[in-house]
Structures are given as C-alpha cells and as structure tokens.
Amino acid sequence: MSRPSVNNELIFYINGKKIVEKNADPGEMLLAYLRRKAGLTGTKYGCGGGGCGACTVMLSRYDPIKDIVLHEAVNACLQPVCSLQGAAVVTVEGVGSTKTKLHPVQERIAKAHGSQCGFCTPGMVMSMYTLLRNKPQPTMEDIRESLGGNLCRCTGYRPIIDGFKTFCEAQTCCQNGERNGKCCMEESNCHNKESDISGEIFNMDNLLPLDPTQDLIFPPELLLLAKQPRVEHLCFQGERVKWISPVDLNDLIELKAEYPDAPILVGNTTLGPKMTLKGTLHPVVIYGGDIPGLRAIKWAKNYVTVGAGCSLSVLKETFLQAIQDLGPEKSKVYQALVQTLQCLAGKQIRNMATIGGNILSANPKYDLSSILAAAKCTLHIISKDGAREMPLSEEFFTGFAKTALRSDEILLAIDIPHSKPWEFMSVFRQAQRREFAFSIVNAGMKVVFRPDSNVVEHLDIFYGGVGPTLVRARHTSKKLIGRQWDDKLLAEGTQLLEEEITVPPTAPGGQEEYRKTLVLSFFFKFYMEVLLELQERKVDVIDLSLEYLSALKPFKNEVPQGNYSFQLVPEAQSLSYPVGRPNVHQAGLQQATGEAVYYDDIPSVKGELFVSMVTSTRAHAKIISIDASAALAIPGVVTFLSAKDVPGQNRRLWFNNPEEVFAEEEVICVGQIIGAIVAENREQAKRAAEQVHVSYQDIQPVFFTIEEAIEHQSFFDPKRKLERGNVEEGFEKADHILEGEMYMGGQEHFYMETQGLIAIPKGEAEELDLYVASQHAAYTQEVVGITLGIASNKITCHVKRLGGGFGGKVMKIATLSAITATAAYKTGRAVRCVLERGDDMLITSGRHPFLGKYKVGYMNDGSILAADITYYSNGGCTLDESSFIMEKALLHMDNGYKIPHLRGRGLVCKTYLPSYTAFRGFGGPQGLTIIESVLHEVAVKCGWPAHKVRDINMYKDEQCYTHHKQLFSPRDMVRCWDECLEKSDYHQRLLHIQQFNAHNHWKKRGISIVPLKFGIGFSKGFYNQGAALVNIYKDGSVLVSHGGTEMGQGINTKAIQIASRILKVPMSTIHIKETCTGNVPNAAPSAASFGTDAVGMAVKNACEKLMGRLETLIKKHSQYTWQQLVVEAYCQKISLSATGFFMGPHTSIDWEKSEGPAYYYFTFGACCSEVEIDCLTGDHKNIRTDIVMDVGRSINPALDIGQVEGGFVQGIGLYTIEELHFSPEGVLLTRGPSQYKMPALCDVPPQLNVHLLSNAENPYAIYSSKGIGEPPVFFGCTLFFAIKEAIAAARRERGLSDDFSLSSPATAEKIRMACEDCFTRMVPRIEKSKPWAINV
Ligand SMILES: Cc1cc2nc3c(=O)[nH]c(=O)nc-3n(C[C@H](O)[C@H](O)[C@H](O)COP(=O)(O)OP(=O)(O)OC[C@H]3O[C@@H](n4cnc5c(N)ncnc54)[C@H](O)[C@@H]3O)c2cc1C
Ligand code: FES
Ligand code: FES
C-alpha cells in the first residue's frame, strides 16, 4: 500500500479567526498556545491536568457521522494543538466583551455576584456558554452537569448558579422541588415579610437577553474541509515529539505497525497528564481522534458495538437513548454505565475521554472496566495481522497500566450486550468526593437467575481499586452458583469475598481496611438491590426489612439554592449613596470577559526569562554538592542560581526570625528551595530544573508528626499560655472529669491562581518593578530589598489582583520574589516565575494541623467548670507565622462560652515538613473547633443534645470578659444563635432526624449548631493601620489607591462605595487601578478580616480631606457640576490629591498576665447544618445549612454574603473532604486536584441559607460594619459534628458506645470505619511495617 503524502499545515479557527500553523508543536497544549501565542489570556491555568476547569474553552467540530456541528466544552490544558485540525475554538474573549457587547452569560455571572477573585470565572462562563449553544433553555440538571468540572475556591458556587439559572424557564428550573410552594427562582429573589429586610441581592431587570445572532458561526471553510476526504498525513515534528495524524483506519493500522511503541492519543486525558505533569516522553504519538471508524456506534439485536474512540459524553447520551428504547429489563448494563458516567470526572473530561482510552489506561481506579467486564463485553482488536476478539475480563489486564494488547494492535470497538431476562446488574463506586473524583474502589456485579426463581445461575463480581489490576472474585462467584438468593448466600458470599479479595498492606493509596470493607459493603448493597428486584418480580424471597432499604437509596446530587436576607438601607438614604447596597464587584464584568489582568496575563517583556525552582528531595540532610552541569547544557538554559548568587542576604526575615531563601548547607524539608534554573522559556526551565543533581548526606533526627515532635520535645519559641480562674480548683469542684483529644488535619489553600510574579529590572539606578501576586506587597518589597541589597525606594511592587489568596500569598511569595528578583539582577533581564500546581502545593504549604489534648471538669447539668487544653500545631521546619497562628488559636479557645476556669497552652511543633503558614482563619478555626469538640463530648457524656450544653455554657450577660479579659457584649452572638435556631427550624428538624434514624438502618442523619465569636484585627497592634491616596483629575475622575489587596473579597468595591459616599460622586467616576508600594508605602497585609476596616477608614479620611478643601467652593458654587468644581479648585491651586490614614486600635496581649484587648471587636454568628451519611460506604451528603451572621451594618451585603458562603464552603472542605497525604519519608503525595479534593458543586448543601443579622451595630469600624473574611470557615465544623452525631446514631443502634473519636476531616474512610458493623468486623486489622501515608 502506498503511503499517503505528508502535510504539515494545521488549520483551525480561534474566535472566528483563521489560524494556519506551520510549525505546530506536538508537545504544546491549546492553553499554552492561547495564552502565549494567541495573546488570549482569558483562559486560565489552574492545574494543567484537567482537574479544575479554569481552562475551559468551547471546541466545535463537524461530525461526519451525525452530519452536525458539535459544540463541546473541553479543557484547553489537555487539548493538544496538533489535534485541532478543522476545529473552531471559542474562548471567553470570543463570547463577548465590555468593549463591544457582553454576552448574557458574562453579564449574569457578574451581576449575580458569582465572580469574586474571578480566576475561575472564564471557565465557568465557557461551560455555561457551551451548554447554551447546545440548549438555549437548559434545565437546572443541565447546569449542574455542565459545571461539575469547574472548581471555584471563592464563591461557594451558589451565586454562580443564581446567575445561570436565569436562563432556565421558571417551570423547568426547580429540579430541587418546590419549597414553600414556590420555585427556587422566585424564592431567592424575594422581599422578606419584614419591610426593611431584603432577599434581593441582584435583580433580573434589564438583563441582556440571550441572542443567538451574537454567537460566532462555525466557519464554512472548516465545514468544507471536514467534508473533503483526508488524503494526507498530518505530521508535525517538535523538539522532542513527532505527531502523526493518519488519514483513516487502515492508515492508523499501518502506522501502529510501523511505530509499535507510539501510543494512540485520542482524548489525551490519560496520556496528557503523564506527559505534561510527570515528564513521560513519547518520541512519536499517533493521533486517533480523527478516525471516524473508531467512533462508530452500531446496534445489533442483542448488543451494541461502540467504537473505542467514542467519547464518554457520546456514550452517555447513547445509553440514555438505549434505556428509553430498550426498556428497563434489556438495558440494565446501560443503566449501570449511565449511573457511573454521570459522576465520572467532569463534563469537559467526559467530552474528551474515550471508552477505549479508559479501558486501555488499565488503571484500576478507572471505573468502566469493572462494569464492562461484569457485563461480559467483547473487545475487537485489529492490527496489520488481522482482527481478533477478546473478552474484557481480568485476564486482559496484565499489570498496572498494562494490557494483553500487543504493541502493534489497536482497540477498534467494544461489544456491550443487552441484558437478558433474569439478569441483574449493579455498579458501585466510592470516591473522596461524590463527583469529579477517581474512585477509591469501584465494582461491577452481575447475577443471572434461573427464570422465575431466586436460584443463581451465574454470578460475576469485579472490583477496581483493590490491587494493581482489575480483580475478579472468581472463587466467590463460582461457589455461589446454584444457591438461593437469601441471607445464607449473603453470609457466605461476604465471608468468601473477605478471603478472596486481598488488599496488600503496601498498596498505593493506603486505606487497606477501608477498601476491604467497601468490597463487602458493595456486595451487601448488591445483594439488597437484587433482593428488592426479585421481590418486585414476585419471586419468593425473604422479606426485606424496611429499615434495611436505606442501604439502597443513592444520594442525589442537587444544585445549591439558597435564601439570603439582609437589612435594607434606611429609606431616607439618598439613592446616590452606595454604602449598604449590594453593588456588583468592581471588576466583575472584566473578570467574566477574561479582560481582568492577573500577573501571568501580562504580556512578556522583551528578552524575558523564566525561572523554575530546584527543591530538596530529602527531609533532613546536609547538602554535599550541587551539580547543575547537565541542566546548563540544555538548550535555552541561561543560568543556575543558588545561595552564593544572592547579592545581598540569603534570608527572609519575619519578626527577627530568619528563613533562608535558598537552602545553603542543610535542607530541613522535602520541597525546600535549593536553587533555581533560569531559561528562555518555561518548558526548558522546568526540564532543566529536573536535571540538577544534588547529593545529600542524611541527618538525624527526622520526623514529621505532632506526636513525634512531642516525643522529641521539638518546639518553637515562644510557648504560650492563657489562663483565667483557677483550673485545679475547678476540677475539684466538678461533678465529672473528662479527658480526650481532637486532631485536625491541615489544608491546602488551593487558590485557583498559583503563586508567581514578574521581575523587571528597569536598567537604571538598580530600579526594579515586580508584578506580583502578593497579599503583602510591602513585605515582598522589603524581602527583595534585603536579598538584593537594594533600598526599598528602588523596588516597586504592583499588585493588580490575586486569583485567590486565603492567607497563602503573604509569606512564601516574598521568598519566590526574592529568587526571581535575584535572577533578574543576575541576568539583567525580566524574569517570570509561575509555579505549577504541584510545585505550589509542595513548596508553599498551607494550614497547620492541630492536636488538642484536653481535660475538662463539668457538672451534671452539662455546664463546664474548668477546662485545660494543650494545643499542639505542626509548624513544619521554620517558624513562619506559626507562633501568631497559635496565639490566635488560644485567643479563640473560649469561643462563645463562659468557662470560669480555663487554661490553654500552645506549642508549635518543629518538624521536617514544609513550613506551614497563614490560612483564612489563622488558627481561629482550630482553636474554636477543639473547644467545640469539648462541648460535644461533654454533651455525649451527659446524654444531652449538644445544642443544650452549648446553650447552657454560652456567654449571656450584657457585659462579659473573654478569657483574656477583653470586655465585650455577647448580645448579638446570642441573637444570632436564637435566630439560627429559629430560622433553621432546629428543634423540629431534630425530631425529624430522630424519626428518620429510627427507620433507616444504613443511612443516618445528624444536625449540629454552633455559635461563633471571632476576633477582628491584628493582635499585633501596629498592624492595625491603613493608608490610602486619593487623586482627583481635572476631568473629575477619581483614582483611589490603597494598601489593601483585591483578591476577590471586594475590598476595591467597598473602597469605591466609601469614596463615592464622601465625595458624592457616582461610583463610575472612581477607579482603582492597582495596589502599589510606590503609591501607598508600608501597608499592612490584607489579612485578619481587617482589610476593609483599615483601608475603608483611610479612604474615607483622604476623601474627607479633599472635601474639606473643596468645602468653600461647593458653598460658593452650589450650581457647579462636580467636574466644574474640580476645574475651579485646580485653578484656585487647591491640591486635588490627599493621603488618608487610619490609626487602628492598639490591640495587645500581655502573655505573662494572660490579659489584654487582643482584638478590635468581635464578629458573631451561628450556623446549623444537617447531613446524612451512608453507613456502608462512608459517603455523606450535606443537606442543609443555615447561617446567621452579624456583620454589623454591611457596607455591601452581596459581598458580605459572598464571603460568608465562600468561607463556609472552604470550611466544608477543611472539615470533611480535604486531606493531605505525606509519605513516611515526608514527601507530599497530594499535589494536584486529582489527589486533593476541595469542594465542588456537589458538596454544597442544596439548601444554603445566609442571613445577615439585622439591627446590628458596631461602633468601632467604618460605617458600623464588621470584618467578615475569616470567621465563616469555622462554620464548616457544623458538618463535622453533624456527621459525628449521625455516626453516633448508627453506633447506638448497633449496640456500640456513642463515645468514639473522630478526627477532622471526616472523610468517607473515617465515617465508614467509625460505623462499625458486621462488615468492618470481618476485616482483620492489617499490620503494616510501613504505612502508605502518615497523619502529620
Ligand atoms: C481530571 C480527570 C478525572 C478523571 N476521572 C475519572 C473517573 O472518575 N473515572 C474514570 O474511570 N476515569 C476518570 N478519568 C480518566 C479518563 O476517563 C481516561 O483518562 C480516559 O477515558 C482515557 O481516554 P483518552 O481517550 O483520553 O485516552 P488517551 O489519554 O488519549 O490514551 C490513553 C491510553 O490508551 C491508549 N489508547 C487509546 N485508544 C486506543 C485505541 N483505540 N487502541 C489502542 N490504544 C489506545 C493510548 O495509547 C494510551 O496509552 C479522569 C481523567 C481526568 C484527566
Ligand atoms: S488548568 Fe485545565 S483543568 Fe485545570
Ligand atoms: S471566584 Fe471562583 S476561584 Fe475565585
């Protein structure tokens, strides 16, 4: 056969513009192409592995099989540029713009307050836009499905849904069922009965209508191109990889014979992450995505043949149709597949990933093989030698990522049989998160009965996730054939499975006992499902107990809806005064159109270089030598940097605590920066950094956990103590003494934008500009100055906005800046640093794990007389902010409770882990959770509901003193508590829960309510200051600069509202460009929930000064417009520029005396949550949360509610699903969204109600408002305690003690293992010489 000729011209479109790429790089993904070559930076990098959705774009192609143009959302980070032949790409810029015309999707997400930091927003817009292209009037379920693959770390998703649900027809909207006789669309935008309380946070008036004529059409040229037969190979040769796109199936077969080692790349969702994130190199790849023969679907009488190249989305639609066409009996396999496909990955991945790729990846965590094997599918395999068939079963998988396919063979298609009468099929999966997460264990099970009987004719059980390959329970199945489907079969089956399925103690992923339990639990569920069906078919089977049916009800994923309410501004307030109104985020529209500029969106500067870090692979070792010669030999590499290259001091100083910028002689954690490679581009820098060879000599000791640090007495100074009353005396008087402990794991910030900056030397007088993602620009400036030995006045830090910070961009970014600045200094060229997600997670660390050990003395009525708590935090290898974080934990240890004798000690453990740092809440959540755990345990001991014990112990007097003797009034906390009890209908629901639990054996519910008192401001008093600069220009426009950082919380919006109020000009007249150390020097970090307090006052002060200067003119020329007034002032030589300053409170604490006003004031609140758990799998569903929050007089209720919801959802992650794993060698294993699960849409309670307390005042802060950024994270603990209640209910029913320990987060594994039952007891405790992961 003659070979097709070769073409190396790639033709595709981006946003309606034709691209002809002659030198397409096979290694380049669409994301990098868009951002760097096409200059379209609206599409964002969040993870590079398909796990976050920030890079979502729409891809349209002509489908010759269906003869239609398909529009699909895909992840640009996994879409190779070379695969784009004939495709039209639409990015957020192609959808609409503020300069031309907005698209309604962009307008509505912004106006509904669905964009905070904005980094996820373009991805959200593109997912929704693609949905609307396919379905202009979607249902809520469509929206839920479309957004399942998009993560947002700021908003809590509800406002995004609020904006998008306006596209649904009202009657199709409320998939969640009506509440109060109203559809959620009507309900969430209503006025409350109380006349000054509103639930209207945004209104739908004057919204742009959906106008299909605004959409880019599919280019006719591409249509013609697609319809022409392909006769040429598309071939591209990159630096290291060659790409070949065959013309048809025969050509593919030929090529595979010629290049047997070349993978067939189709969706690139397995290959892509391996190549881009793990460095796997395939010198040749053959593209299989353009071969119609691989995508054919053919229906036969008893089966369907699906092409191996069919995407999972296409399959889902196909199977849904089959279910309708074939009816329930024949479509059992398709029902099972749909059930799994609904929660497998996100929509974008399902659009890209193929069934063939899923099978051939041979990854036991992938879900499809266990189902397809149980269904007895057949694989059609083809090669130059001919075609053959193979059953898809355990024998096909020969090892992890290995199959029986020969290297020259291609998987052509899969036959999936229809179900036969008396055949039953079920599938199961349990993952860290219910959707968009790999399964921990999955299973496919099929049983065939002798007709009209319960006698087993055939049984097949397959498990994934219990070994390196797919596992078949062959022996068990065989033994059960001929048996009746009854309790005896169940008992024997579980026993056999326990013996047959082994999870080796060394299994990657750990969780051996849990996985083994899932094996049994899944079988039990299968048994129940089948039993129920047999019963429905009137087969004589044993009676099913009603309580046991709860094993079967799967949790339904719903769309979060919510009610919110806030107090309206007084009627008398002028309409032009924006303070107190729910104004939209100042840059919301820019964020939704992709126009908002983040640091890595700044175009590259001429000659710009890239820096990549070289990090330690040992936890504690002496550096013997560093050899960068191999790295330096790589083309494009400019230089290698280490400690000796630092021109000034190789240290970052923080309150006299030095931390090395580059490790010089010794490393003290895995991930510590030892050096850096500077290269012409990021790929070269990354590759070269991996080639730097460091030799080490290990040093002892080395340890990572809090317990080990206690053993070694390894603590940082200072060690803190706070004490009130006489604890020993309290213990003596108490009726009972309780001792226990509570462990809380750490948390990764997972801001969607990874850390980085651009350093640009100005070429004159050592001046240097930094465009940096920092929450504390002044500190970055200071550290860079010390590192370079240059005065601060020559270093200017610019911070336009951050794609999320959450405390993680205060400290570490200063080190990264020092290194990047050193690179710029040494090379004299601009240098960019953008951490990859995995490196960011490794290097920058996160929230401190805490262990609280307590002794409590309490009375019979549940009142606590005395508590002595020792807090241990894991500080990691350097102090960073750990001691202040510990102080905050101690200062919050009383929460809202008046415990007369209270003592707290705080010790920060020094271990050999990357140094932990600030994270929203700053130790507050840990301090609060441990005291809440104490209250919870006391309630359990007393046999009281926990709310009663909380209520009894609460501060209630009009004037109270905290345990550090700060005077405060708990009035508004008690109001929040009472209102929360009422609004959540707590008492009634508690009764319902008790009834539910009595009637459901395998599902249990729990409810929990907590109060909150949270200190606002820095306890280091000097930080409580704010500064601003306000300039008025002659055209009347106003430029505000301030020292705060916009990171989604809306500080700029609030500052503009304040300036607008004082200057009496519309908000549109005022602009905030950036935070800049050149405009406002020495600013405090944007942290401690104090940003608006400090900055707002400073802006107010500056504006008042200006108005003071204009006062006489205003009086004299009352008829003047603002602009005329400004011009007149200019002519009269009145300065139109003013600085503002706010000298905040002198907070302090005397640790010797245990007293002092540590905080400016307190923000109060209360939160109630209800959850349901599946006792068999450990899965849980958040059902409803009600929050009542005291934010004083809100400056902007929409932003404040956004902070409450967003903080709470971060708390959901902290307390229930986010779990970091370290190896026993101290290596962080969870380095991306595939391993580390933060809350997705499915985790938000379908009912999330937020109410801002009305008639709340705050005499201390600007316009009587209160800081709100940090406090709501703690509310996530209500889910933890509700889960604990639910587990306790299960345990009580099984005759076990409800006094058991549960550490945070309450993951599926912990829930399942705490719900002890016959299955957990069957699983022997596995002795491990070395665990897979350790609890640090
Ligand atoms: C973020 C994310 C989440 C995910 N979540 C899940 C999940 O929850 N459950 C789950 O089951 N999976 C999940 N996956 C995996 C996903 O389903 C698979 O990666 C996908 O199905 C592989 O198909 P692909 O076309 O992308 O394969 P590719 O990556 O293109 O190829 C994978 C392998 O298959 C080979 N191959 C592909 N087609 C053929 C063929 N026709 N003949 C011969 N060899 C072939 C390739 O050579 C390669 O070795 C997830 C993936 C990602 C990125
Ligand atoms: S960057 Fe593509 S999914 Fe995260
Ligand atoms: S707004 Fe979604 S990540 Fe910030």
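Residues numbered from 1 in each chain as written. Chains lettered and ligands numbered in written order. Predicted model: local features only at pLDDT ≥ 70, side-chain atom pairs only at ≥ 80, totals over all residues. Heavy atoms only, no water.

A. Quick look at the overall build of the protein chain. Per the secondary structure count, the protein chain includes 39 helices and 51 strands. By the compact-globule yardstick of 34 Å for 1336 residues, the protein chain fits well, its C-alpha radius of gyration being 31 Å. Taking the principal axes of the C-alpha coordinates as reference, the protein chain spans close to 90 × 80 × 70 Å. Going through the 1336 residues of the protein chain one by one, you find that 66% of them count as buried. Excluding contacts between residues fewer than 6 apart, the proportion of contacts in the protein chain whose partners are at least 24 apart in sequence is 77%. Taken as a whole, the protein chain presents about 45900 Å² of accessible surface, with 51% of it coming from carbon and sulfur. Placing the 139 positive and 148 negative side-chain charges of the protein chain at their respective mean positions leaves the two points 2 Å apart. (Helix = DSSP H or I, 4+ residues; strand = E, 2+ residues; numbered from the N terminus. Rg over C-alpha atoms; globule rule 2.2 N^0.38 Å. Buried < 20%, exposed > 50% of the residue type's maximum accessible area, 1.4 Å probe, protein only. Contact = heavy atoms within 4.5 Å. Areas by Shrake-Rupley, 256 points an atom, 1.4 Å probe, with all protein chains shown as cover. Lys, Arg positive; Asp, Glu negative; His and termini not counted. Charge placed at Lys NZ, Arg CZ, Asp CG, Glu CD.)

B. Summary view of a negative patch on the surface. Among the surface-exposed residues, Glu660, Glu664, Glu665 and Glu666 lie close enough to one another that they form a single negatively charged patch. The topology assignment puts glutamate 666 in strand 29 (residues 666–667). Glutamate 666 sits in the partly exposed class, given a relative accessible area of 34%. (Patch = residues over 30% accessible without salt bridge, like charges linked within 9 Å, V, L, I, M, F, W, Y side chains within 5 Å. Salt bridge = Lys/Arg side-chain N within 4 Å of Asp/Glu carboxyl O.)

C. The packing of aromatic side chains, seen in detail. Going through the model one piece at a time under the given rule, you end up with 41 aromatic pairs. An aromatic cluster of at least three residues, connected via ring pairs, comprises Trp654, Phe655, Tyr779, Phe884, Phe1018, Phe1022, Tyr1023, Phe1090, Phe1142, Tyr1160, Tyr1161 and Tyr1260. Cation over ring: arginine 1005 sits above phenylalanine 996, and NZ or CZ is 4.0 Å from the ring centre. Lying across the ring of phenylalanine 436, lysine 1237 places its NZ or CZ 5.9 Å from the centre. (Phe/Tyr/Trp six-rings, centres within 6.5 Å; stacked < 30°, edge-to-face > 60°. Lys NZ or Arg CZ within 6 Å of the ring centre and 35° of its normal.)

D. Examining helix 29 (residues 924–942) more closely. If you check helix 29, its first and last C-alpha atoms are 27 Å apart, about what 19 residues at 1.5 Å a residue would give, namely 27 Å. With its phi angle positive at about 75 degrees, glycine 943 sits one or two positions after the end of helix 29. (Expected span 1.5 Å × (residues − 1).)

E. Representation of unusual backbone geometry within the structure. Cis peptide bonds are those with omega within 30 degrees of zero, and the linkage from aspartate 717 to proline 718 qualifies with 0 degrees. Relative to the helices and strands, proline 718 resides in the loop between helix 23 (706–712) and strand 32 (720–724). Phi at tyrosine 157 takes a positive value of approximately 70 degrees, unusual for a residue other than glycine. Looking at where tyrosine 157 falls in the secondary structure, it is placed in the loop between helix 5 (140–147) and helix 6 (158–164).

F. Just the site of ligand 1, in detail. In the vicinity of ligand 1, 30 residues are found, and the nearest of them are Val266, Thr269, Thr270, Thr354 and Asp367. Between ligand 1 and the protein, one listed contact pairs an oxygen atom with a backbone N or O atom of glycine 267 at 2.8 Å. At a separation of 3.5 Å, an oxygen atom of ligand 1 approaches a polar backbone atom of alanine 345. Compared with its free state, where it exposes 970 Å², ligand 1 has 94% of that area covered by protein. Listing elements by their share of the shell around ligand 1, those giving two or more residues are strand 10 (264–265), helix 15 (355–360) and strand 18 (410–417). A per-element tally of the shell around ligand 1 places helix 15 first, with three residues. Broken down by class, the residue content of the shell around ligand 1 amounts to 18 nonpolar, ten polar and two charged. (Near = heavy atom within 4 Å. Polar contact = N/O pair within 3.5 Å; in protein donor to acceptor, adjacent residues only side chain to side chain. Nonpolar A, V, L, I, M, F, W, Y, C, P; charged D, E, K, R; others polar.)

G. Spatial organisation of the packing of helix 36 (residues 1197–1217) against helix 37 (residues 1277–1293). The N-to-C vectors of helix 36 and helix 37 enclose an angle of 40 degrees; their axes lie 7 Å apart at closest approach. Judged by the inter-axis angle, helix 36 sits oblique to helix 37. Each of Phe1208, Ile1212, Tyr1215 and Thr1216 in helix 36 lies in contact with helix 37, whose residues at this interface are Cys1277, Thr1278, Leu1279, Phe1280 and Ile1283. Along the lines of polarity and charge, the residues of the contact of helix 36 with helix 37 split into seven nonpolar, two polar and no charged. (Axes fitted to C-alpha atoms, helices over the stretch in contact; angles between N-to-C directions. Parallel < 35°, antiparallel > 145°, perpendicular 65-115°, else oblique.)

H. Local environment of the sheet that holds strand 44 (residues 1025–1032). Spatially, the four strands line up as an open sheet ordered 46-45-44-48, and their pairing is mixed. Where the open sheet ends on each side, the last strands, each with one partner, are strand 46 (1070–1072) and strand 48 (1137–1143). Across the sheet, the axes of successive neighbouring strands diverge by a mean angle of 25 degrees, strand direction being ignored. Pairing geometry for strand 44 and strand 48, over seven bridges, is antiparallel. In the sheet register, glutamine 1025 faces strand 48, and the bridge partner there is methionine 1143. (Pairing = 2+ DSSP bridges.)

I. Just the pattern of salt bridges, in detail. Evaluated as defined, the whole model comprises 90 salt bridges. Note that aspartate 142 is salt-bridged to lysine 135, the shortest N-O span being 2.6 Å. Among the residues examined, aspartate 142 registers a relative accessible area of 14% and is labelled buried. Through salt bridges with shared partners, a single ionic network connects Arg35, Lys44, Asp600, Asp601, Glu608, Arg682 and Arg832.

J. Expanded view of the environment of tyrosine 1120. Positionally, tyrosine 1120 belongs in the loop between helix 34 (1091–1116) and helix 35 (1122–1131). Contact partners of tyrosine 1120, with chain neighbours within four places excluded, come to Leu1125 and Glu1128.

K. Inspection of the nonpolar core at higher detail. Residues Phe164, Tyr463, Trp485, Phe523, Met613, Ile677 and Trp1122 are the most contacted members of the largest nonpolar core, which totals 338 residues. If we skip the residues at most four places from it in the chain, tryptophan 485 touches Val447, Phe449, Asn454, Val456, Phe526, Tyr527, Val530, Leu531, Leu534 and Val541. In this structure, Tyr33, Val74, Cys82 and Ile355 belong to the second largest nonpolar core, which totals 73 residues. (Core = buried A, V, L, I, M, F, W, Y, C linked by side-chain atoms within 4.5 Å.)

L. Spotlight on the environment of alanine 373. Mapping alanine 373 onto the fold places it in helix 16 (residues 368–374). Since its relative accessible area comes to 2%, alanine 373 is described here as buried. Along the chain, alanine 373 and asparagine 7 lie 366 residues apart, while their C-alpha atoms are 41 Å from each other. Setting aside residues up to four positions removed in sequence, alanine 373 forms contacts with Leu392, Ser393, Phe462 and Leu470.

M. Looking closely at the side chain of threonine 43. Its location among the elements puts threonine 43 in the loop between helix 1 (30–37) and strand 4 (56–63). Classification of threonine 43 by relative accessible area gives buried; the value is 1%. In this structure threonine 43 touches Leu31, Leu34, Arg35, Ala54, Cys55, Thr56, Val57, Ala76, Thr91, Val92 and Glu93, once residues within four positions along its chain are discounted.

N. Local environment of the pairing of strand 38 (residues 850–858). The buried count for strand 38 comes to seven of nine residues, which makes it a mostly enclosed element. Sheet analysis places strand 33 (residues 736–744) next to strand 38, joined by nine bridges and oriented antiparallel. Note that in strand 38 the partner of glutamate 741 across the bridge is lysine 853. Relative to strand 39 (residues 864–876), strand 38 runs antiparallel, the two being bridged by nine bridges. Of the residues in strand 39, the one forming a bridge with leucine 851 is tyrosine 872. Taking the residues between adjacent antiparallel strands as the criterion, strand 38 and strand 39 are bridged by five residues, where glycine 862 takes a positive phi near 95 degrees.

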